Amino acid sequence: TGVPAMLHGASSVMVAAYQRAGWIALGLVSLGLVVWFRGLRPALVALSALAVGVVWTAGLMGWLGLDLNPANLIALPLMLGIGIDSAVHIVHRASLGDPHGSGELLGTSLGRALVYSGLTSVASFGTLALARHPGTASMGSAISLAILACVAAGVLVAPALWHLSEREAPA
């Protein structure tokens, strides 16, 4: 069998473990959101914004030619925790009855804080993209793109989804 077969087997086990970790992280995040918001509707709005951020991340990675590899697969479970942050803050503010929670968010202190926080995280993880090691650089690029996409989805999509869910919710 030799080294090539061992490497193939090890990489298959590693990919399966990362997928399992991603599903477990998603399940725990979802459960935590339902408990935190004490309801399914706010949790679904936040998770929908996260889903849009994940789709945008996949699209950006494809557009920029960033392939999924074992090094940046580490970024996927991390993205769930970091990526849901903006949407959680927005849905929480909106659920408290703040009129800015479902509308002109960028002009508020919350909108600016979320954008600055996201940019700070992008700057810190983005420094990994400058590494000489290709795996570390790939991971830094993937996490930076994921944070940008998820913050944008949280700031842009979550308020719109909250507004739509309020109109369709039974009185």
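Residues numbered from 1 in each chain as written. Predicted model: local features only at pLDDT ≥ 70, side-chain atom pairs only at ≥ 80, totals over all residues. Heavy atoms only, no water.

## Considering the overall build of the protein
Stage number 1. Helix and strand counts for the protein stand at seven helices and zero strands.
Stage number 2. Going from N to C terminus, the protein has its helices and strands arranged as α-α-α-α-α-α-α.
Stage number 3. Summarising its shape, the C-alpha atoms of the protein cover approximately 65 × 30 × 25 Å along the three principal directions.
Stage number 4. Within the protein, the proportion of its 171 residues that are buried is 36%.
Stage number 5. When the accessible surface of the protein is totalled, it reaches about 9700 Å², and 71% of it is carbon and sulfur.
Stage number 6. The protein carries 7 positive and 6 negative side-chain charges, and their two centres are separated by 7 Å. (Helix = DSSP H or I, 4+ residues; strand = E, 2+ residues; numbered from the N terminus. Buried < 20%, exposed > 50% of the residue type's maximum accessible area, 1.4 Å probe, protein only. Areas by Shrake-Rupley, 256 points an atom, 1.4 Å probe, with all protein chains shown as cover. Lys, Arg positive; Asp, Glu negative; His and termini not counted. Charge placed at Lys NZ, Arg CZ, Asp CG, Glu CD.)

## Some thoughts on the packing of aromatic side chains
Stage number 1. Here the structure, examined in full by the defined rule, presents zero aromatic pairs.
Stage number 2. Directly above the ring of Trp162 sits Arg41, whose terminal nitrogen or CZ lies 4.5 Å from the centroid. (Phe/Tyr/Trp six-rings, centres within 6.5 Å; stacked < 30°, edge-to-face > 60°. Lys NZ or Arg CZ within 6 Å of the ring centre and 35° of its normal.)

## Focus: helix H1 (residues 2-37)
Stage number 1. Here H1 spans 52 Å end to end across 36 residues, near enough to the 52 Å set by a 1.5 Å rise per residue.
Stage number 2. Of all the residues in H1, the buried ones are Gly22, Ala25, Ser30, Leu33 and Phe37.
Stage number 3. Positioned one or two residues after H1, Arg38 has a phi angle of 55°, which is positive. (Expected span 1.5 Å × (residues − 1).)

## Considering the confidence of the model for the protein
Stage number 1. Taken residue by residue, the protein gives an average pLDDT of 84. The fraction at 70 or more is 91%.
Stage number 2. Looking over the protein, one finds the lowest element-wise mean pLDDT in helix H4 (residues 75-83), namely 76, and the highest in helix H2 (residues 40-64), namely 91. (pLDDT = per-residue confidence, 0-100.)

## Some thoughts on the nonpolar core
Stage number 1. Judged by nonpolar contacts, the single largest core of 34 residues is most densely connected at Leu33, Phe37, Ala46, Leu50, Ile84, Ile90 and Val91.
Stage number 2. Sorting the residues of this core by element identifies H1, H2, H4, helix H5 (85-95), helix H6 (109-126) and helix H7 (134-168) as the ones contributing at least two each.
Stage number 3. Looking at this core, the element that brings in the most residues is H7, giving 11 residues.
Stage number 4. Setting aside anything within four residues of it in sequence, one finds Ala46 in contact with Leu33, Phe37, Ile84, Ala87 and Val91. (Core = buried A, V, L, I, M, F, W, Y, C linked by side-chain atoms within 4.5 Å. Contact = heavy atoms within 4.5 Å.)

## Concerning the side chain of Ser86
Stage number 1. With respect to the helices, strands and loops of the structure, Ser86 is situated in helix H5.
Stage number 2. Each residue touching Ser86, except ones within four places of it in the same chain, is listed here: Leu114, Val151 and Gly154.

## A short note on the environment of Gly62
Stage number 1. In this structure, Gly62 sits in helix H2.
Stage number 2. Gly62 sits in the exposed class, given a relative accessible area of 56%.
Stage number 3. For Gly62 and Trp23, which are 39 residues apart along the polypeptide, the C-alpha to C-alpha distance reads 22 Å.

## Considering H6
Stage number 1. With 18 residues, H6 extends 25 Å between its outermost C-alpha atoms, agreeing within 8% with the 26 Å of an ideal straight helix rising 1.5 Å per residue.
Stage number 2. When H6 is considered as a whole, its buried residues turn out to be Leu110, Gly111, Leu114, Gly118 and Val122. An end-on view of H6 places all buried positions within 105° of arc, on one side of the element. Every exposed residue of H6 that faces more than 90 degrees away from the buried side is listed here: Tyr116 and Thr120. (Arc of directions from axis to C-beta.)

## With respect to the environment of Val88
Stage number 1. By the secondary structure assignment, Val88 is in helix H5.
Stage number 2. Assessed through its relative accessible area of 17%, Val88 is described here as buried.
Stage number 3. Taking C-alpha positions, Val88 is 21 Å from Ala21, a pair spaced 67 residues apart along the chain.
Stage number 4. The contact partners of Val88, leaving out residues within four places of it in the chain, are Leu33 and Phe37.

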